Amino acid sequence: MIHHIKVVYCTQCAWMLRGAWVAQELLTTFQDELMGGGATLVPSTGGIFEVYADDQLVWSRKDDGGFPDIVLLKRRVRDRIAPDRPLGHADRAAARPDA
């Protein structure tokens with residue numbers, strides 16, 4: 001199956017670089033799963049910052065209260081596109097009670 005990531009960012013807030021960094025992190029972590037689908041940056045306005053995996057919202061700045069911690073975001077994306085895939089350090093961080 002071909003998977004795709006979409007990062008929607010606010011141009012008024014100048015969040016393009018943040019969106020590009022998030023896309024780069026996800027492309028690096030999920031390079032096999034995103035082969036053929038990739039990641040898209042979508043400019044918007046109104047303070048939006050959202051991340052979609054296969055058209056399913058996995059992070060919303062408005063709903064989730066700010067920008068994503070990249071480890072948490074990777075777990076959410078993994079749960080959508082590759083639920084059986086281990087994430088190494090990201091999974092260990094989730095298992096710690098202080099994480």
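The preceding data block contains the structure.
Residues numbered from 1 in each chain as written. Predicted model: local features only at pLDDT ≥ 70, side-chain atom pairs only at ≥ 80, totals over all residues. Heavy atoms only, no water.

### Considering the packing of aromatic side chains
Here the structure, examined in full by the defined rule, presents 2 aromatic pairs. Ring geometry for Trp 15 against Phe 67: centres 4.8 Å apart, planes inclined by 90°, an arrangement best described as edge-to-face. Taken together, the positions of Trp 15 in the loop between strand E1 (5–10) and helix H1 (16–29) and Phe 67 in the loop between helix H2 (61–64) and helix H3 (70–81) put the pair 52 residues apart, joining distant regions of the chain. Arranged with centres 5.2 Å apart and planes meeting at 75°, the rings of Phe 49 and Phe 67 form a pair that is edge-to-face. In this pair, Phe 49 sits in strand E3 (residues 49–53) while Phe 67 sits in the loop between H2 and H3, placing the two residues 18 residues apart along the sequence. By relative accessible area, which is 1% here, Phe 49 ends up buried. Using a relative accessible area of 27% as the deciding quantity, one classes Phe 67 as partly exposed. A connected cluster of aromatic rings, assembled from ring pairs, spans Trp 15, Phe 49 and Phe 67. Taking the ring centre of Tyr 52 as reference, the NZ or CZ of Lys 6 above it sits at 4.7 Å. (Phe/Tyr/Trp six-rings, centres within 6.5 Å; stacked < 30°, edge-to-face > 60°. Helix = DSSP H or I, 4+ residues; strand = E, 2+ residues; numbered from the N terminus. Buried < 20%, exposed > 50% of the residue type's maximum accessible area, 1.4 Å probe, protein only. Lys NZ or Arg CZ within 6 Å of the ring centre and 35° of its normal.)

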